[in-house]
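# Structural overview for review
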Amino acid sequence: MKEVLSKCDYEEPCCPLNMHPEVVSIPIGRIIEKLDSYLNQNDYAAAERHLRYWISEANACNDMRGKLTLLNEQIGLYRKIENETECLTAIVEALTLADSMKMEQSVTYGTTLINAATGYKAFGKTEEALPLYRKAQIIYESALDSDDGRLGGLYNNMALTLTELKKYREAEELFNKAIEVMEKQENGELEIAITHLNLADLAVAEYGLENSEKEIEKQLSEAERLLNTEGLPKDGYYAFVCEKCAPVFGYYGYFLTEQELNRRAREIYERT
């Protein structure tokens with residue numbers, strides 16, 4: 001049974017009656033933990049209510065850093081449930097807030113840029129997305145270690161946008177850089193599998209379906225091998241990746257793999 005927002009989800013409000021200028025931090029760790037529990041259950045309605053409530057609390061408590069964190073989560077949620085209007089609204093609010101906080105060179109600002117760009121791309125606004133990715137790349141490569149997993153996510157998402165804009169060589173370079181980074185991460189096989197599927201799509205975009213058969217087979221076989229890696233946690237994120245990858249396998253005619261990945265995801269969601 002899916003949970004509904006209960007009193008325990010929003011207890012300890014920051015300042016329900018009187019507004020005051022000092023910052024009172026919202027319990028961001030507990031908020032994200034509860035949000036993750038909703039997402040692991042596919043209970044997006046409860047996740048949305050949860051975020052709206054705590055964004056309101058962050059405003060009341062003057063906790064703009066907490067609010068920015070939740071706006072970033074909101075962008076991801078609305079992207080996932082394909083709510084374009086709310087996603088674009090959250091993007092504008094997050095970017096405006098980040099700019100007002102004078103945090104241009106921080107990793108947090110880079111992450112906000114990436115989330116905004118990924119939201120734009122999800123709804124076909126690739127021209128708006130690419131400049132944000134490029135700004136984030138400068139920040140991340142300056143502030144993070146070269147093997148930081150966050151760089152892998154940036155390279156992968158940025159390469160998808162470059163593929164849509166027909167900048168194929170730059171896209172391929174970034175996909176390969178993403179693989180290099182994720183090979184150094186614990187359970188990085190999931191992200192690498194996604195990147196191999198993206199490389200298959202890149203080949204088709206550049207050369208056409210008929211001329212890419214060998215490359216498709218190569219990339220999909222490697223992706224399937226990685227998804228079957230022993231010891232990977234069979235949690236909500238694994239289910240999400242299976243759901244994300246399944247239709248790609250189906251598109252290229254790997255119907256049994258598509259069915260198997262959907263079955264795994266369904267079993268995980270039913271169990272949690």
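As the structure is a prediction and not an experimental result, all values here were calculated from the model.

We describe a pair of aromatic rings using the distance from one ring centre to the other and the angle between the two ring planes. Under the criterion given, the structure shown has four aromatic pairs. Ring geometry for Tyr-237 versus Phe-240: centroids 6.0 Å apart, planes at 35 degrees, classification tilted. Here Phe-240 and Tyr-237 lie together in helix α11 (residues 236–251), a separation of three residues that amounts to about one turn. The exposure class assigned to Tyr-237 is partly exposed, which follows from its relative accessible area of 36%. On the accessibility criterion, Phe-240 (26% relative accessible area) is partly exposed. With 4.9 Å between their ring centres and 80 degrees between their planes, Tyr-251 and Tyr-252 make a pair best called edge-to-face.

Closest axis-to-axis distance for the helix α3 (residues 64–80)/helix α5 (residues 107–122) pair is 10 Å, and the angle between their directions is 20 degrees. What the angle tells us is that α3 and α5 run roughly parallel. The two elements α3 and α5 cross, and the hand of that crossing is left-handed. Facing α3, whose interface residues are Leu-68, Asn-72, Ile-75 and Arg-79, α5 presents Thr-108, Thr-111, Thr-112, Asn-115, Thr-118, Gly-119 and Ala-122. Across the contact of α3 with α5, the residue classes tally to three nonpolar, seven polar and one charged.

Topologically, Thr-163 is positioned in helix α7 (residues 149–164). Apart from residues no more than four positions distant in its own chain, Thr-163 is found in contact with Tyr-168, Ala-171, Phe-175, Leu-202 and Ala-205.

Looking now at the nonpolar core. One broad trend across soluble globular proteins is that nonpolar side chains are buried collectively. Among the nonpolar cores identified, the biggest contains 85 residues, and Leu-70, Ile-91, Leu-154, Leu-227, Cys-245 and Phe-249 are the most heavily contacted of them. If we skip the residues at most four places from it in the chain, Leu-227 touches Leu-190, Ala-193, Leu-232, Tyr-238, Val-241, Cys-245, Phe-249, Leu-261 and Arg-264.

Quick notes on the rules
Residues numbered from 1 in each chain as written. Predicted model: local features only at pLDDT ≥ 70, side-chain atom pairs only at ≥ 80, totals over all residues. Heavy atoms only, no water. Phe/Tyr/Trp six-rings, centres within 6.5 Å; stacked < 30°, edge-to-face > 60°. Helix = DSSP H or I, 4+ residues; strand = E, 2+ residues; numbered from the N terminus. Buried < 20%, exposed > 50% of the residue type's maximum accessible area, 1.4 Å probe, protein only. Axes fitted to C-alpha atoms, helices over the stretch in contact; angles between N-to-C directions. Parallel < 35°, antiparallel > 145°, perpendicular 65-115°, else oblique. Left-handed = near helix turned anticlockwise from the far one by under 90°. Contact = heavy atoms within 4.5 Å. Nonpolar A, V, L, I, M, F, W, Y, C, P; charged D, E, K, R; others polar. Core = buried A, V, L, I, M, F, W, Y, C linked by side-chain atoms within 4.5 Å.

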